Amino acid sequence: MKNIENIIEEYRNADFEKRLYFFLSYRSLRDEFLEIDQSDTSVGYSPKPVKIKCRMCRNLGQRLISAFK
């Protein structure tokens with residue numbers, strides 16, 4: 001049987017598919033896996049709104065807004 005620390009380290013370095021395999025295989029470690037996933041996603045969060053760079057999309061949005069006025 002693998003060492004728990006090794007399993008957790010492998011989970012950190014794994015891609016999505018392998019992480020899913022670990023999550024389903026090691027039921028007792030799911031809380032640790034969830035903490036790792038939550039810490040990974042919180043790093044990439046940006047509160048700034050995304051700007052639309054496409055002129056066509058911006059014009060479409062303006063037309064939709066003006067249609068409801």
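Relevant structure appears above.
The structure contained in this document is the topic of the report that follows. One numbering rule holds for all chains: residues counted from 1, following each sequence as written. Where local features are concerned, this predicted model is filtered to residues with pLDDT of at least 70; where side-chain atom pairs are given and counted, the filter is 80 or more; whole-chain, interface and lining totals use all residues. Side-chain calculation: all heavy atoms of the structure are included, whereas hydrogens and water are not.

## As for the overall build of the chain
Item 1. When helices and strands are tallied, the chain shows 4 helices and 0 strands.
Item 2. Starting at the N terminus and ending at the C terminus, the chain contains elements arranged as α-α-α-α.
Item 3. Within the chain, buried positions represent 13% of all 69 residues.
Item 4. When checking whether two residues touch, look at their non-hydrogen atoms; a contact exists if any pair is within 4.5 Å. Summarising the internal contacts of the chain: among those between residues at least 6 apart in sequence, 30% fall at separations of at least 24.
Item 5. With an accessible surface of roughly 6,500 Å², the chain has 58% of that area assigned to carbon and sulfur atoms. Only runs of H or I of at least four residues qualify as helices and only runs of E of at least two qualify as strands under DSSP, and these elements are numbered from the N terminus. Classification of residues uses two cut-offs on accessible area relative to the type maximum, computed with a 1.4 Å probe and protein chains only: under 20% is buried, over 50% is exposed, and between them is partly exposed. In this description, accessible areas are obtained by the Shrake-Rupley approach with a 1.4 Å probe, and a residue is regarded as covered only by the protein chains that are shown.

## Here's the deal with helix α1 (residues 4-13)
Item 1. Among the residues making up α1, those that are buried are I7, I8 and Y11. All buried residues of α1 project into a common sector of 95° when viewed along the axis, lining one side. The outward face of α1, more than 90 degrees from its buried face, is lined by the exposed residues E5 and N13. Relevant arc is that of directions from the helix axis to the C-beta atoms, nothing else.

## Some details on a nonpolar patch on the surface
Item 1. Here a patch means residues that are over 30% exposed by relative accessible area and free of salt bridges, tied together within 9 Å if like-charged and within 5 Å if nonpolar (Val, Leu, Ile, Met, Phe, Trp, Tyr). The working definition used for a salt bridge is a side-chain nitrogen of Lys or Arg within 4 Å of a carboxyl oxygen of Asp or Glu. Side chains of F16, L20 and L24 sit close together on the surface and give an oily, nonpolar patch of about 360 Å² of accessible area.
Item 2. The topology assignment puts L24 in helix α2 (residues 16-25).
Item 3. You can call L24 exposed: its relative accessible area is 55%.

## Re the environment of N3
Item 1. Structurally, N3 is set in the segment before α1.
Item 2. Within the local environment of N3, its side chain forms a polar contact with the side chain of E5, the two groups lying 3.3 Å apart. Think of a polar contact as two N or O atoms within 3.5 Å of one another; within protein, one of them needs to be a possible hydrogen donor and the other a possible acceptor, and neighboring residues in sequence only count if both atoms come from side chains.

## Remarks on the packing of aromatic side chains
Item 1. Classification of ring pairs uses Phe, Tyr and Trp, with its six-membered ring standing for Trp, and accepts pairs whose centres are within 6.5 Å; under 30 degrees between planes counts as stacked, over 60 as edge-to-face, and the remaining range as tilted. Under the definition given, this model contains 4 aromatic pairs.
Item 2. With a centroid separation of 6.4 Å and an interplanar angle of 65°, the aromatic rings of Y11 and F22 are classed as edge-to-face. Here Y11, found in helix α1, pairs with F22, found in helix α2; they are 11 residues apart in sequence, far enough to count as distant. Comparing Y11 with F22, the two get one shared label, buried.
Item 3. For a ring to carry a charge above it, either NZ of a lysine or CZ of an arginine must fall within 6 Å of the ring centroid while also lying within 35 degrees of the normal to the ring plane. Between the NZ or CZ atom of R30 and the centre of the ring of F23, over which it lies, the distance is 4.8 Å.

## As for the environment of D40
Item 1. Relative to the elements of secondary structure, D40 occurs in helix α3 (residues 30-43).
Item 2. A sequence separation of 28 residues divides D40 from R12, and the C-alpha atoms of the two residues are 9.2 Å apart.

## Overview of the nonpolar core
Item 1. In plain words, nonpolar cores are sets of buried Ala, Val, Leu, Ile, Met, Phe, Trp, Tyr and Cys residues tied together by side-chain atoms within 4.5 Å. If you look at the biggest cluster of nonpolar residues, it comprises 8 residues: I7, I8, Y11, A14, F22, L29, F33 and I36.
Item 2. Breaking this core down by element, the ones donating at least two residues are α1 and α3.

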